[in-house]
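Notes for the structure review
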Amino acid sequence: MDTRNECMEQEQGMRWRKGAIRSVEEWDGAMLEEDEEEQEDRRKEKEVHSILSRMLVHSSASSSSSSFNCSSAESDEVFSEGEEAAARRRSSRRHRSWRTFLTMMQWSKRRQSSWVQLAGHQGNFQLSRGGVVLKRFSEVEDACLRALMSDALQHFVPRYHGFIQQDGSCFIRLEDLMSGHHKPVIMDCKMGVRTYLEEEISKARVNPTMRSDMYQKMVKVDPSAPSREEHHQGGVTKLSYMQWRDRSSSTAELGFRIEGIMLENGSVLRDFHQTQSSAQLMETLLSFTQRQLHVLRAYRSRLLALKEALRESQFFSTHEVIGSSLLFIHDCTQKASVWMIDFGKTAPTPEGVHLHHNVPWTEGNHEDGYLIGLASLTLLLGEAIKQASGKDLGSNSGGLACKEADS
């Protein structure tokens, strides 16, 4: 109990430090001039890029660059569970290149844990041994995982092995979902019709903080998205950014969106900001699975089983599930499965509030639309099976892919 209290205090301290860093940055505003040490770090970073390009084998030069960028400190902070990306990037810029290098070295040696790169969670995860990964301690997620271990959903979430203090930080010990997979292909789908808590709306109204980094991400995808006032200020609030992400993707309409895909060769695809239509999503699913019927059918079967477990789950009936993902994993040995991950924003429902999880959200009803997303995914997989059934490469296609990848 004392150790858990220490972890909780440490987590609160980290949140305070992030806020303090942001306050200082907003007050200062200007970037500091590079000193000799920073210039040396940039020289080292170029060397690291050269080493990585020789060390990693990718399908093309562009995919290699994309994979490296998605593994850096510049990963989308909403995708990485709301970390303060800009503050973290500036405060650690002197050592970023070598941390990235070491992370990628670990990835090269232990490929089964490559989902860390996919999710953009380098700051939150550490590789471990014995089929376990370490995730930075979160009081909310720790409570959810402990409850889920005795719930009907226990076979759909990574096994929780308690928490540990290591190198001055606290981590949750979780089952490594990549263990046992041979060169896995991975897809992360964020579930629900919204990715922000209702309390975030209240906080944004009381203290609207303009974010230039999120404004730049928004205009890069759609220059017309910010309002005239936001263009004038050169910034948007975090809530405005997240609402835009939900509207511009399939989240608001279909109840889920594809956050990222990692291919067998290690390259990362994350350009799904405006993937909205059912046709686009089905083509993505077909490409992700390479139209392999056994994979598509295994995924659909797993989702149908998850639906039944959700019906029986006491946890699901009493929690608002926000920002959680379904992690799809398959490999060339025909193993395929789906897992519920990321419970950092999952909260118990207010007293007297009973959620359906399959009705539209309006402010105050706390509905998350999780079942809307699950139904959409299941339907799309069914349609993908119909399309792939006439073009299936046969049961040996997976084995052939393995041999080609190993050659």
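Refer to the structure printed above.
All of the points below concern the structure found in this document. (Residues numbered from 1 in each chain as written. Predicted model: local features only at pLDDT ≥ 70, side-chain atom pairs only at ≥ 80, totals over all residues. Heavy atoms only, no water.)

1. A few points about the nonpolar core
Put simply, the test is: Among buried residues, the Ala, Val, Leu, Ile, Met, Phe, Trp, Tyr and Cys ones that are joined through side-chain atoms within 4.5 Å form a nonpolar core. Three exposure classes are used, based on accessible area relative to the maximum for each residue type with a 1.4 Å probe and protein chains only: buried under 20%, partly exposed in between, and exposed over 50%. We call two residues in contact whenever any of their non-hydrogen atoms come within 4.5 Å of each other.
Formed by 54 residues in total, the largest nonpolar core has its most connected members in F256, L326 and F328. With near-sequence residues (within four places) excluded, F328 lies in contact with V185, I186, M187, C189, F288, Y299, L303, S337, V338, L377 and L381. If you look at the next biggest cluster of nonpolar residues, it comprises 12 residues, including I201, M214, M218 and V219.

2. Quick word on the sheet that holds strand β7 (residues 268–269)
In sheet architecture, strand pairing relies on hydrogen bonds along the backbone and comes in two forms, parallel and antiparallel. How we decide: Between any two strands, at least two bridges found by DSSP are needed for them to pair. By the criteria applied, helices consist of DSSP H or I runs no shorter than four residues and strands consist of E runs no shorter than two, each listed in order from the N terminus. Lines fitted to C-alpha atoms define the axes, with helix axes restricted to the stretch in contact, and inter-axis angles between N-to-C directions lie between 0 and 180 degrees.
Read across the open sheet, the 5 strands follow the order β7-β6-β5-β9-β10; overall the sheet is antiparallel. Each end of this open sheet is capped by a strand with a single partner; those strands are β7 and β10 (336–341). In this sheet, β7 lies alongside strand β6 (residues 256–262) in antiparallel orientation, the contact comprising 2 bridges. Among the inter-strand pairings, I261 is bridged to a residue of β7, identified as L269. Docked against the sheet, helix α14 (residues 293–312) engages β9 (325–330) and β10, running at close to 40° with respect to β10.

3. Observations regarding the side chain of Q292
How we decide: Contacts described as polar in this section are N or O atom pairs within 3.5 Å, which, within protein, must combine one atom able to donate a hydrogen with one able to accept it, while residues neighboring in sequence count only if both atoms come from side chains.
For Q292, the location among the structural elements is in the loop between α13 (278–289) and α14. Looking at Q292, its side chain comes within polar contact range of the main-chain oxygen of T289, at 3.1 Å.

4. Let's talk about the pattern of salt bridges
Defined as follows: The term salt bridge refers to a pairing of a side-chain nitrogen on Lys or Arg with a carboxyl oxygen on Asp or Glu at a separation within 4 Å.
Counted under the stated rule, the structure contains 13 salt bridges. K135 is the partner of D342 in a salt bridge, and the nearest nitrogen-oxygen pair spans 2.9 Å. Taken together, the residues D342 in the loop between β10 and β11 (347–348) and K135 in strand β2 (residues 132–136) connect sequence positions 207 residues apart. Each member of the pair, D342 as well as K135, carries the same accessibility label: buried. The closest approach of N and O atoms between D142 and R146, which form a salt bridge, is 3.0 Å. With D142 and R146 both in helix α7 (residues 139–148), this residue pair falls 4 residues apart, about one helical turn. According to the relative accessible area criterion, D142 is buried, its value standing at 0%. Through salt bridges with shared partners, one network takes in R245, D246, R257 and E259.

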